[in-house]
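Topology and contacts: notes
Listed below are the residues making up each chain.
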Amino acid sequence: MKKIVLITLVLTTALFASLKVDTTYSTLGAITKKVGGDLVSVTVLGSSKYDPHFIVPKPSLLSKLRRADLLIMNGGGLELGWLPPLIQNAHNRNIQNGAKGFLDISHSINMIDKPVAVSRAFGDVHAQGNPHYSTDPHLVPIIAKAIAEKLMQLDEENADVYQKNLDTFTQKWQEYLKGYDAELRSCKGKKVVQYHELYNYFLKRYGIESIGNIEPLPGIAPSSKHTLELLMKMKRNGVKTILQDVYHEKRTAKFIAQKVDAKVVVIPHDVGSVKGSETLEDFYNMIANRICK
Amino acid sequence: MQKKLLLSLFAFTSLMANSETEALKEQLQSQQETTQKLLSRVEMLEAQQQSSTNTSASFSQNAYLPDIAMILNMSAVYRDVKNSDYANYQVPGFVNNDLTTDDDNAELPFNANRGFNLNYAEFAVHSVVDPYFEAFAYLHMHPSELEVDEAFVTTTSLPAGLRIKAGKFKSAFGRLNEKHQHSWSFDEQALIYKSLFGPDAISDAGVQLQWVAPTDTYIMAGVEAFQGTNDMSFGYEDPNLFVGYLKSSVDIGDDLSILGGVSAAHGKTVTKENSNIYGVDLTMREQLGSYSALVWQSEYLQRDKDVNASRDSQAGLYTQIVYQYNNNYSTGIRYDRITKNEIDLSSYAGINTDNLERYTAMVEYKPFPMSRLRLNYSHDRSKIIDGARQDINTVMLTLNIAAGAHGAHSY
Ligand SMILES: [Zn+2]
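Residues numbered from 1 in each chain as written. Chains lettered and ligands numbered in written order. Predicted model: local features only at pLDDT ≥ 70, side-chain atom pairs only at ≥ 80, totals over all residues. Heavy atoms only, no water.

Another point: the overall build of chain B. Of the regular secondary structure elements, chain B holds five helices and 20 strands. Every one of the 411 residues in chain B was classed for burial, and the buried ones make up 45%. In chain B, the proportion of contacts linking residues at least 24 apart, taken out of those at least 6 apart, comes to 57%. Accessible surface computed for chain B: about 20500 Å², of which carbon and sulfur atoms make up 59%. (Helix = DSSP H or I, 4+ residues; strand = E, 2+ residues; numbered from the N terminus. Buried < 20%, exposed > 50% of the residue type's maximum accessible area, 1.4 Å probe, protein only. Contact = heavy atoms within 4.5 Å. Areas by Shrake-Rupley, 256 points an atom, 1.4 Å probe, with all protein chains shown as cover.)

Here it is in structure tokens:
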């Protein structure tokens, strides 16, 4: 009996999962599942518990890329430190930059925080603007649309299905956002600090002010001088919330919290980073609840 | 434009000045903020407009410039052996700097001097050529010469998981052969690689075909044909070197990954006799966090080389553990050993040629992903100097800088 179930499972997967889609991060993966439905099988390359800038290029990722029909990447330089050699060594012509099965979502996003001057003297700055856009729930429909359009292009036969999935999803999401935005109105004007500029899209969307970062410069570990400066700034501004991601050390945040009587909240940067953020809705709800309450 | 905004703001302010509510004041405050934002936006847009009108030179091709990185590698070395003696060291049965005249043996390009060394300035250039090819070049500028370390093209559009590489490149034999000096975990070359191939390992003009299997488990197979100019192991005047390998990797859970490989190389020596080299390698990596990992890597190489119709059989291994504590610090230890040396060693009569080995330890500090300071200590028991076995202790502080295009991190 078990065997039969397994066999049918394998068969149905083989029959219906016509497109193999790899996404670099889990939020993109979750959106792809919404739009692609049963017609795609999604593989997420980078674990959401790790720093998205430094995904370990394990050889097993090569075998995942080798068979992909479509590679969906975040873009904006976020994958610069790990993805290029994987693409070079996976030997898959479908997903080369410029090929039909290559999609850079950042091309559909209005990137914020574009630096005026780019030099590594300022740390490992994101030269193309802040690539951490997946924390803004209002960008989800834009991302979904870009993905749907690409799927329609790759799998013309099922274009209607993707369009229908997209419409249904977008409608539901707009509905969800109404309630979401209403809840967050009370949070406008709140002041926070964060470790890296991971949450700027969300904060900007809801009028929450980020008055500083724990890292002195992007990609540089905290220094006592900078931490003291940040402490003073937090005191001056009455900041009581520190946004901590899951992958950086938490000592500095805890130290600061103690000094200024603030609280440290761990905010997921991608779907599934924190337990209880495994669906898109749970992910965005958790961000809102933890920052706002 | 700015004036108008200010004027309307002023009018707005005077109109409202007499009304009494705090709420209005607050509204005004936000109005002012909005105006301020608008003003700065206007300024920004104006600035953008100006700059965008005069940047596009008629024949500018800047957008097509290749990615360029500059890597500098330098060191300060203390060694308890004089430079002139060190330059003549021998590894019995393998390296014989005294007797040979060929360049491969005589070369001591990295950290050769007690004192200060600029090992090289490397220019790494990469560019997409067209929809079918990518091109790479790694140029080493040594203090007195320019060396093309690698320069090759790879295909990007072959079907069925195939890729061809052609040019001068490092063979993917084993685990270490392909790695550049600055990406080694220790500053000195693994003893068995140094002993069999010299500092550049198998790096030659040739062509490579690699295939990645369409399987859940990573399986990669490759074959290569080279000119075979490395006369420490090969060196016949015609193309003579063929390399093949099979690599595979599995993950156990999210954080433990294992990579293993078997490799073989078949070539002809200067005297057109067979030289076969076999290798096995195993790497286990446990990820302890985004910036923390424990990596255990080992490799065993064996060479069977025919010399005057008799067969020399030699082998060696290294095993190393590197612990990356966080994004700034890591540390590691390595053990090197020649395990087999079945060769005519009569010229070393009276000298102990057994137990050729080396112990190495290092601590490295990376203030930033692009720069690395490393303190490297080795106790080397594999060398003969001036007709006597001599242990060598070396302490070196090396600085490696990678500026420019972002080099991706390798596994
Ligand atoms: Zn970032």
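Having put the structure on the table, let's press on.
Moving on: the overall build of chain A. When helices and strands are tallied, chain A shows 10 helices and eight strands. Expected size for 293 residues packed as a compact globule is a radius of gyration near 19 Å; at 20 Å, chain A falls within 12% of this value. Taken along the three principal axes of its C-alpha coordinates, chain A extends 65 × 45 × 40 Å. Expressed as a percentage of its 293 residues, the buried residues of chain A come to 54%. Summed over its atoms, the accessible surface of chain A is roughly 13400 Å², and 55% of this surface lies on carbon and sulfur atoms. Computing the positive centroid from 38 side-chain charges and the negative centroid from 29, chain A places the two 6 Å apart. (Rg over C-alpha atoms; globule rule 2.2 N^0.38 Å. Lys, Arg positive; Asp, Glu negative; His and termini not counted. Charge placed at Lys NZ, Arg CZ, Asp CG, Glu CD.)

So, on to the state of the cysteines. Residue and element names in this part refer to chain A. The final tally for this structure, using the stated rule, is one disulfide over all chains. Covalently, Cys187 is tied to Cys292 through a disulfide, its sulfur atoms 1.8 Å apart. Residue Cys187 is located in the loop between helix H6 (159-184) and strand E5 (191-194), and its partner Cys292 is located in helix H10 (residues 280-292); the two are separated by 105 residues in the primary sequence. (Disulfide = S-S within 2.5 Å.)

Time to look at unusual backbone geometry. Peptide bonds are, in most cases, trans, and in most cases residues other than glycine have a negative phi. Even without being a glycine, Ala201 of chain B presents a positive backbone phi close to 55 degrees. In this structure, Ala201 of chain B sits in the loop between helix H5 (191-197) and strand E8 (203-212).

To continue, consider empty space enclosed by the protein. All names here are of chain B. Applying the stated criterion across every chain yields a total of five cavities of 30 Å³ or more. Approximately 270 Å³ is the volume found for the largest cavity. Tyr86, Phe110, Glu188, Gln189 and Lys194 are the residues nearest the centre of the largest cavity, which is lined by 22 residues in total. Looking at the lining of the largest cavity, the elements with two or more residues in it are H5, strand E17 (371-381) and strand E20 (392-404). (1 Å grid on protein atoms, 1.4 Å probe; cavity = no way out; pocket = protein on both sides within 12 Å on 5 of 7 lines; lining within 4 Å. Points joined across faces, edges and corners; volume = space filled by probe spheres on them.)

This brings us to the coordination of the zinc ion. Residues and elements named next belong to chain A. Coordination of the zinc ion by the protein comes from His53 (NE2), His126 (NE2), His132 (NE2) and His196 (NE2), over a distance range of 2.0 to 2.1 Å. Because the angles between the four donor atoms bound to the zinc ion fall within 100 to 125 degrees, the donor set is best described as tetrahedral. Taken in chain order, the donor set of the zinc ion reads H-x72-H-x5-H-x63-H. In this pair, His53 sits in the loop between strand E2 (40-44) and helix H3 (59-66) while His126 sits in the loop between strand E4 (102-104) and helix H5 (140-154), placing the two residues 73 residues apart along the sequence. In terms of burial, His53 and His126 fall into one category: buried. (Donors = N, O, S within 2.8 Å, 3.2 Å for Na, K, Ca; no water. Tetrahedral: all angles 85-135°; square planar, octahedral: opposite > 155°, others 65-115°.)

Residue and element names in this part refer to chain A. Parsing chain A into structural domains produces domain 1 (2-177) and domain 2 (188-292). A separation of 26 Å is found between the C-alpha centroids of domain 1 and domain 2. Facing 36 residues of domain 1, the contacting portion of domain 2 comprises 25 residues. When the area that domain 1 buries against domain 2 is broken down by residue, the three leading residues are Ile112, Thr135 and Tyr176, summing to 22%. At the junction of domain 1 and domain 2, the tally comes to one salt bridge. In this structure, the connection of domain 1 to domain 2 is made through 17 residue pairs in polar contact (both at pLDDT 80 or more). Listing elements by their share of the side of domain 1 that touches domain 2, those giving two or more residues are helix H2 (26-36) and H6. In terms of residues, the side of domain 1 that touches domain 2 owes the most to one element, H2, which gives five residues. In terms of residue class, the side of domain 1 that touches domain 2 is made up of 18 nonpolar, 12 polar and six charged. (Domains from an automatic or database assignment. Buried area = accessible area lost by both parts, 1.4 Å probe. Salt bridge = Lys/Arg side-chain N within 4 Å of Asp/Glu carboxyl O. Polar contact = N/O pair within 3.5 Å; in protein donor to acceptor, adjacent residues only side chain to side chain. Nonpolar A, V, L, I, M, F, W, Y, C, P; charged D, E, K, R; others polar.)

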